[in-house]
Amino acid sequence: DFNIKKNEFIGIMGSSGSGKTTLVKLILGLISPNQGQIILDDKEIKKLYKEMKISYVFQDTFLIDDSIKNNVCLGESENNINIEKFKKCIHDAELNELINMKPEKENFKIGENGNFISQGQKQRIAIARALYFSPEILVLDEPTSSLDYTTEKKIVECINKLKGSKTIFFISHNKENLSHCDKVISIEKDKVNIL
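Keep in mind it's a predicted model, so treat the numbers as computed, not measured. (Residues numbered from 1 in each chain as written. Predicted model: local features only at pLDDT ≥ 70, side-chain atom pairs only at ≥ 80, totals over all residues. Heavy atoms only, no water.)

S.K.: Would you take a moment to explain the overall build of the protein chain for this structure?
M.R.: Broken down by element type, the protein chain carries 6 helices and 8 strands. Taken from the N to the C terminus, the helices and strands of the protein chain come in the order β-α-β-β-β-α-α-α-α-β-α-β-β-β. When its C-alpha atoms are laid out on the principal axes, the protein chain stretches across 55 × 35 × 25 Å. Within the protein chain, the fraction of its 195 residues that count as buried is 47%. Once local pairs closer than 6 in sequence are excluded, the contacts in the protein chain between residues at least 24 apart make up 71%. By element, 47% of the accessible surface of the protein chain is carried by carbon and sulfur atoms, the whole surface being about 11,200 Å². Here the protein chain carries 28 positive and 28 negative side-chain charges, and the mean point of each set is 2 Å from the other. (Helix = DSSP H or I, 4+ residues; strand = E, 2+ residues; numbered from the N terminus. Buried < 20%, exposed > 50% of the residue type's maximum accessible area, 1.4 Å probe, protein only. Contact = heavy atoms within 4.5 Å. Areas by Shrake-Rupley, 256 points an atom, 1.4 Å probe, with all protein chains shown as cover. Lys, Arg positive; Asp, Glu negative; His and termini not counted. Charge placed at Lys NZ, Arg CZ, Asp CG, Glu CD.)

S.K.: Which parts of the structure should I look at to understand the nonpolar core?
M.R.: Soluble globular proteins: nonpolar side chains tend toward being buried together. Formed by 38 residues in total, the largest nonpolar core has its most connected members in Ile 68, Val 72, Ile 125, Ile 127, Leu 138 and Leu 140. For this core, the secondary structure elements donating two or more residues are strand E1 (9-13), helix H2 (68-72), helix H3 (83-92), helix H4 (96-100), helix H5 (119-132), strand E5 (137-141), helix H6 (149-160) and strand E6 (167-171). Per-element tally for this core: the top contributor is H5, with 7 residues. Beyond its immediate stretch of four places on either side in the chain, Leu 140 contacts Val 57, Ile 127, Ile 159, Ile 168, Phe 169, Phe 170 and Ile 171. Of all hydrophobic cores here, the second largest spans 17 residues; its members include Ile 10, Val 24, Phe 169 and Ile 171. (Core = buried A, V, L, I, M, F, W, Y, C linked by side-chain atoms within 4.5 Å.)

S.K.: Honestly, the state of the cysteines in this entry has me stumped. Any pointers?
M.R.: In protein chemistry, a disulfide is the covalent bond that joins the sulfur atoms of two cysteines. This structure, assessed with the given rule, holds 0 disulfides. Unpaired in terms of disulfides, Cys 158 finds its nearest cysteine sulfur in Cys 89, a separation of 11 Å. Assessed through its relative accessible area of 0%, Cys 158 is described here as buried. Counting only cysteine sulfurs, Cys 158 is the nearest neighbor of Cys 181, a cysteine outside any disulfide, at a range of 14 Å. (Disulfide = S-S within 2.5 Å.)

S.K.: In this structure, what is going on with the sheet that holds strand E8 (residues 191-194)? I would like to understand it.
M.R.: Hydrogen bonds between backbone groups are what pair the strands of a sheet, and the pairing can be parallel or antiparallel. Spatially, 6 strands are ordered E4-E5-E6-E1-E7-E8 in an open sheet, and the strand pairing comes out mixed. With one partner strand each, in any of the chains shown, strand E4 (54-57) and E8 form the two edges of the open sheet. Across the sheet, the mean angle separating the axes of adjacent strands is 15° when strand polarity is ignored. As paired strands, E1 and E6 are joined by 4 bridges and run parallel to one another. Among the inter-strand pairings, Phe 9 is bridged to a residue of E6, identified as Ile 168. (Pairing = 2+ DSSP bridges. Axes fitted to C-alpha atoms, helices over the stretch in contact; angles between N-to-C directions.)

S.K.: Looking at this structure, I do not really get the pattern of salt bridges. What am I missing?
M.R.: A side chain of one charge can pair with a side chain of the opposite charge when the charged atoms of the two come close. Under the definition given, this model contains 8 salt bridges. Across the pair Glu 94 and Lys 161 runs a salt bridge, and its minimum N-O distance is 2.5 Å. Note that Glu 94 is positioned in the loop between H3 and H4 and Lys 161 in the loop between H6 and E6, a separation of 67 residues in sequence. Note that Lys 163 and Asp 182 form a salt bridge whose closest N and O atoms lie 3.5 Å from each other. Of this pair, Lys 163 sits in the loop between H6 and E6 while Asp 182 sits in the loop between E6 and strand E7 (183-188); the two residues are 19 residues apart in sequence, bridging distant segments of the chain. A relative accessible area of 38% places Lys 163 in the partly exposed class. Using a relative accessible area of 40% as the deciding quantity, one classes Asp 182 as partly exposed. (Salt bridge = Lys/Arg side-chain N within 4 Å of Asp/Glu carboxyl O.)

S.K.: What should I look at first to understand the pairing of E1 in this one?
M.R.: Walk down a regular strand and you will see the side chains alternate between the two sheet faces. Burial analysis of E1 places 5 of its 5 residues in the buried class, the great majority of the element. Residue alternation in E1 divides its side chains into two sets, Phe 9, Gly 11 and Met 13 and Ile 10 and Ile 12, and both sets are buried. Sheet topology note: the E1/E7 ladder contains 4 bridges and is parallel. Looking at E7, one finds that Ile 10 is bridged to Lys 183.

What follows is the structure, given as structure tokens:
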């Protein structure tokens, strides 16, 4: 049993295969619990999913061979892109440096699967995309696992700036990355501990 408050920053840690992603899938309703319930505001959460806005940032970011802007605003037609919202998202995800160093700015084409940008820049685009769609719940599933130490620190700083603005689930095997969380759920050998 554990409780999560709105806009809490929740860390989820554990070794590979311990069930971190499974726990998040349960919370998000992607799979159903065999027993017990997940309750939100006194209602079973599965009855509320259609009303909830959730964004999920995976370890491996899916990027299209298009501009930074179209990758962040994925699925929006050019006429429907909210430029102010886009600018806020690139600021929050610390993408301004990348955009400002390119002559094409936000229209810079990143190449197939982001071949023309770094792994850290890909992850920032994924975070900006998640924020663009104004989620109430943001899930970050080991978004720094394939990054070098310096880039990882920058991405974690970027994530920490979002604290208090939405409910965040940050899955990581790195204790240091979770030091700013309000609460950490540790999963080891089918045991769940709240730290």
